[in-house]
Amino acid sequence: MAGNTAQASTHTATVTLQGDREIVITREFAAPKHLVWKAYTTPELIKRWWAGERGEVTLAEVDLRVGGKWRYVLVANGDFEAGFHGEYREIETGEKLVMTEVFEGMPDGEALDTVTFTEVDSRTTLTMLVQHTVPEHRDAHIGSGMEGGMQEAMDRLEQIAISLAA
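Residues numbered from 1 in each chain as written. Predicted model: local features only at pLDDT ≥ 70, side-chain atom pairs only at ≥ 80, totals over all residues. Heavy atoms only, no water.

Enquirer: How would you summarise the nonpolar core if you had to cite specific residues and measurements?
Expert: Core analysis: the largest hydrophobic core is formed by 42 residues, its most contacted members being Y40, W49, W50, V115, L126 and L157. It is helix α5 (residues 146–165) that provides the largest number of residues to this core, a total of nine residues. Filtering out sequence-adjacent residues up to four positions away, L157 remains in contact with F29, V36, A39, Y40, W49 and L126. (Core = buried A, V, L, I, M, F, W, Y, C linked by side-chain atoms within 4.5 Å. Buried < 20%, exposed > 50% of the residue type's maximum accessible area, 1.4 Å probe, protein only. Helix = DSSP H or I, 4+ residues; strand = E, 2+ residues; numbered from the N terminus. Contact = heavy atoms within 4.5 Å.)

Structure follows, in structure tokens:
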């Protein structure tokens, strides 16, 4: 089975700025989209990838329905706690998620995330459009060092999705 021989890649996500309020993140995974979706939306799997190498996810709550809430908390390198939460606005199982995202350290900085999953030849491309309400929030997001942690998290997400095929 192709999933058993898939090789994970590292740090291959691209981050592109669109206009003055949007971030686009794109990452290809060596796994079919149903496995990437499962790893992306299952609390016990989220705990294994979402913090990347930056710490430990201590809470991953997912109420995967329109109007349902999500919340993740991580303890970064054992001493700094960071929480994020939001609400699901649109769900097309295995295809698309639209949800709000709030970093609890900046509660007025709500963003709208649209995540799509497309598959070609058992490989999945995840595309995330993050839409901020004002340029300052987008700039703070980019300036937070998010890209390094996101690259690590996406690498772990791919490893977990590949492992689910085994």
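Having seen the model, we can carry on.
Enquirer: Tell me about the environment of Q18, residues and numbers included.
Expert: Within the secondary structure layout, Q18 lies in strand β1 (residues 14–18). Along the primary structure Q18 and T118 are separated by 100 residues, whereas in three dimensions their C-alpha atoms are 21 Å apart. Residues contacting Q18, with those up to four places away along its chain left out, are V24, L129 and R138. A distance of 2.8 Å separates the side chain of Q18 from the side chain of E22, its partner in a polar contact. (Polar contact = N/O pair within 3.5 Å; in protein donor to acceptor, adjacent residues only side chain to side chain.)

Enquirer: Before we move on, could you go through α5 and cite the residues and values that matter?
Expert: The end-to-end C-alpha separation of α5 is 29 Å, in line with the 28 Å expected for 20 residues at 1.5 Å each. Counted residue by residue, α5 has 14 buried out of 20 residues, so it is predominantly covered. (Expected span 1.5 Å × (residues − 1).)

Enquirer: Can you break down unusual backbone geometry residue by residue, with the values?
Expert: For D121, which is not a glycine, the phi torsion comes out positive at approximately 55°. Tracing the backbone shows D121 in the loop between β7 (111–120) and β8 (123–132).

Enquirer: Lay out the packing of helix α2 (residues 33–41) against α5 in plain terms, naming residues and giving numbers.
Expert: Between two packed helices, what matters for the description is the angle formed by their axes and the separation of those axes. Where α2 contacts α5, the axes come no closer than 9 Å and their chain directions differ by 120°. Relative to α5, α2 is oriented oblique. Considering how the two elements wind past one another, α2 and α5 form a crossing that is right-handed. Touching L35, V36, K38, A39 and Y40 of α2 are L157, I160, A161, L164 and A165, all from α5. A breakdown of the residues in the contact of α2 with α5 according to their chemical character gives nine nonpolar, no polar and one charged. (Axes fitted to C-alpha atoms, helices over the stretch in contact; angles between N-to-C directions. Parallel < 35°, antiparallel > 145°, perpendicular 65-115°, else oblique. Left-handed = near helix turned anticlockwise from the far one by under 90°. Nonpolar A, V, L, I, M, F, W, Y, C, P; charged D, E, K, R; others polar.)

Enquirer: Quick one: what's the story with the pairing of strand β4 (residues 69–76), residue by residue and with numbers?
Expert: On any regular strand, side chains alternate: one points to one face of the sheet, the next to the other face. In this structure, strand β3 (residues 55–62) lies alongside β4, joined through seven bridges in antiparallel fashion. Residue pairing across strands places E61 opposite R71, the latter belonging to β4. Turn length for the β3-β4 hairpin, with the two strands adjacent in sequence and antiparallel, is six residues, and the turn residue G67 shows positive phi of about 90°. (Pairing = 2+ DSSP bridges.)

Enquirer: Any chance you could break down the layout of surface pockets for me, citing the residues and the numbers?
Expert: In this model, the largest pocket occupies a volume close to 980 Å³. Elements supplying a minimum of two residues to the lining of the largest pocket: β4, β5 (80–92), β6 (96–103), β7, β8, α4 (135–143) and α5. Per-class residue counts for the lining of the largest pocket are 24 nonpolar, seven polar and three charged. (1 Å grid on protein atoms, 1.4 Å probe; cavity = no way out; pocket = protein on both sides within 12 Å on 5 of 7 lines; lining within 4 Å. Points joined across faces, edges and corners; volume = space filled by probe spheres on them.)

Enquirer: Lay out α4 in plain terms, naming residues and giving numbers.
Expert: For α4, the set of buried residues is H137, R138 and H141. The buried residues of α4 all sit within an arc of 100° when viewed along its axis, so they share a single face. Residues E136 and G143 are exposed on α4 and point more than 90 degrees away from its buried face. As for α4, its buried residues are in contact with β1, β2 (22–29), β8 and α5. (Arc of directions from axis to C-beta.)

Enquirer: Go over the pattern of salt bridges with me, naming the residues and quoting the values.
Expert: Think of it this way: side chains of opposite charge can pair up when their charged atoms draw near. This structure, assessed with the given rule, holds 11 salt bridges. Residue K33 pairs with E95 through a salt bridge whose shortest N-O separation is 2.5 Å. Taken as a pair, K33 in helix α2 and E95 in the loop between β5 and β6 lie far apart in primary sequence, 62 residues in all. On the accessibility criterion, K33 (19% relative accessible area) is buried. (Salt bridge = Lys/Arg side-chain N within 4 Å of Asp/Glu carboxyl O.)

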